[in-house]
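# Descriptive structure summary
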Amino acid sequence: MAVRDLVRTYRSGRGAAATEIRANDGISLTVRQGEVFGLLGPNGAGKSTLVRQLTGLLRPDSGSVELLGHDIVRHPERAARLLGYLGQESTALDELTVALAAETTGRLRGLTRAQARGAAADVLTELGLEPIAARPLAKLSGGQRRLACFAATLVGERPLLVLDEPTTGMDPVARRAVWSAVDRRRAEHGTTVLLVTHNVIEAETVLDRVAVVDDGRVIACDTPGGLKALVDGDVRLDLVWRDEAPLGVPAVAALRERAECTGRRWTVRTTPEQARELVAAVTTGPAFAALDDFTLATPSLEDAYLKLGGRHGGLAK
Ligand SMILES: Nc1ncnc2c1ncn2[C@@H]1O[C@H](COP(=O)(O)OP(=O)(O)OP(=O)(O)O)[C@@H](O)[C@H]1O
């Protein structure tokens, strides 16, 4: 998959009140076959806008999208044959049962009724959805519905899967089922996966490479390990106070100037030496009496993102 200089502007309002948002501001990316490639970035960064152009659902103002040799800007209708897309919104399939939603997707992708029924049954078994196969999507919990939509996306194998926050709202068992299914397709069919995510833990474990998107631009593109190397050497200290922070302790008062404070939780990114001194200061005397919990952690992809100058104080929703 190759994206070159993609620009997409949304216009709203008319006349003097008209506003423009440049949601994609010259995005270029290449995703290799068989790769699990992630788009990571804060709300409003332009990830869904990018994905909707890749899937032929939205026309770019300028730039090119090539999927397996096909020009998707010129032939958006070809995208449906090349990729399975799981969008953020629940779909038109909502009134159908889980089994019928999966089967219908297979039929829409050109399978015969028997093939679609067989493929749907296999996918439902694979994802552990058999117990709720006869229930309408609209009556399921958010996580169950998401998993059912993911199941439908897999029916009638496509060489490319585009998944926009597939595991949102899922419990750990469902999430694991999603990643096993993705892994299996990659191993057996060389399926390429483009994944939009906010979940940095997931990003660190499942992605081969990740593009960090911010304000409609790609501000970094590397392996998760490569991005984390940007913050190598730093550690993160999280302090949670029982109640008010003990600002009478000079070390704590000084710390407030550089910590990110969210309610009772303070986060500081610093060198291991300084972190050791800080831990020593807060684990003695009145500071310790006021401390509920603390953790010292090695850098995460989120720290790398912040170092890159990402806005909004982090990626978490
Ligand atoms: N249909 C639309 N009309 C006008 N503006 C839009 C439209 N869709 C998105 N935008 C704006 O474009 C920008 C990018 O939105 P987009 O949905 O692509 O971000 P995102 O990275 O997918 O965000 P999230 O993580 O919240 O899903 C935002 O400022 C958003 O408000």
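For clarity, every value in this text was computed on a predicted model and none was experimentally measured.

## Structural notes on the domain arrangement of the protein
Domain boundaries in the protein define domain 1 (2–223) and domain 2 (233–298). When each unit is reduced to the centre of its C-alpha atoms, the spacing between domain 1 and domain 2 is 40 Å.

## Looking at the site of the ligand
Within the structure, the ligand sits among 14 residues, and Gly44, Lys47, Ser48, Thr49 and His198 are positioned closest to it. Within the side chain of Lys47, a nitrogen or oxygen atom sits 2.8 Å from an oxygen atom of the ligand. Bound to the protein, the ligand loses 65% of the 640 Å² it would expose on its own. Per element, the largest residue contribution to the shell around the ligand is 3 residues, and it comes from helix α1 (residues 47–54).

## Description of the sheet that holds strand β8 (residues 192–197)
Overall, mixed pairing links the 6 strands, which are arranged β6-β7-β8-β3-β9-β10 in an open sheet. Edge positions in the sheet fall to β6 (83–86) and β10 (217–222), since each of these pairs with one other strand and no more. In this sheet, neighbouring strand axes are inclined to one another by 15° on average, regardless of whether the strands run parallel or antiparallel. Strand direction decides the pairing type here: β6 and strand β7 (residues 160–164), joined by 4 bridges, are parallel.

## With respect to unusual backbone geometry
With a phi close to 50°, Asp5 is a non-glycine residue in the positive phi region. Relative to the helices and strands, Asp5 is located in strand β1 (residues 2–12). You will see that Glu165, though not glycine, has its phi angle at about 50°, which is positive. With respect to the helices, strands and loops of the structure, Glu165 is situated in the loop between β7 and α6 (172–189).

## Topic: the pattern of salt bridges
As enumerated under the stated definition, the model contains 17 salt bridges in all. As a salt-bridge pair, Arg186 and Asp208 come within 2.5 Å of each other at their nearest N and O atoms. Of this pair, Arg186 sits in helix α6 while Asp208 is found in the loop between α7 (200–206) and β9 (209–214), placing the two residues 22 residues apart along the sequence. On the basis of relative accessible area, Arg186 is assigned to the partly exposed category, the value being 24%. Of the residues examined, Asp208 reaches a relative accessible area of 30% and is grouped as partly exposed.

So, how was this worked out
- Residues numbered from 1 in each chain as written.
- Predicted model: local features only at pLDDT ≥ 70, side-chain atom pairs only at ≥ 80, totals over all residues.
- Heavy atoms only, no water.
- Domains from an automatic or database assignment.
- Near = heavy atom within 4 Å.
- Polar contact = N/O pair within 3.5 Å; in protein donor to acceptor, adjacent residues only side chain to side chain.
- Areas by Shrake-Rupley, 256 points an atom, 1.4 Å probe, with all protein chains shown as cover.
- Helix = DSSP H or I, 4+ residues; strand = E, 2+ residues; numbered from the N terminus.
- Pairing = 2+ DSSP bridges.
- Axes fitted to C-alpha atoms, helices over the stretch in contact; angles between N-to-C directions.
- Salt bridge = Lys/Arg side-chain N within 4 Å of Asp/Glu carboxyl O.
- Buried < 20%, exposed > 50% of the residue type's maximum accessible area, 1.4 Å probe, protein only.

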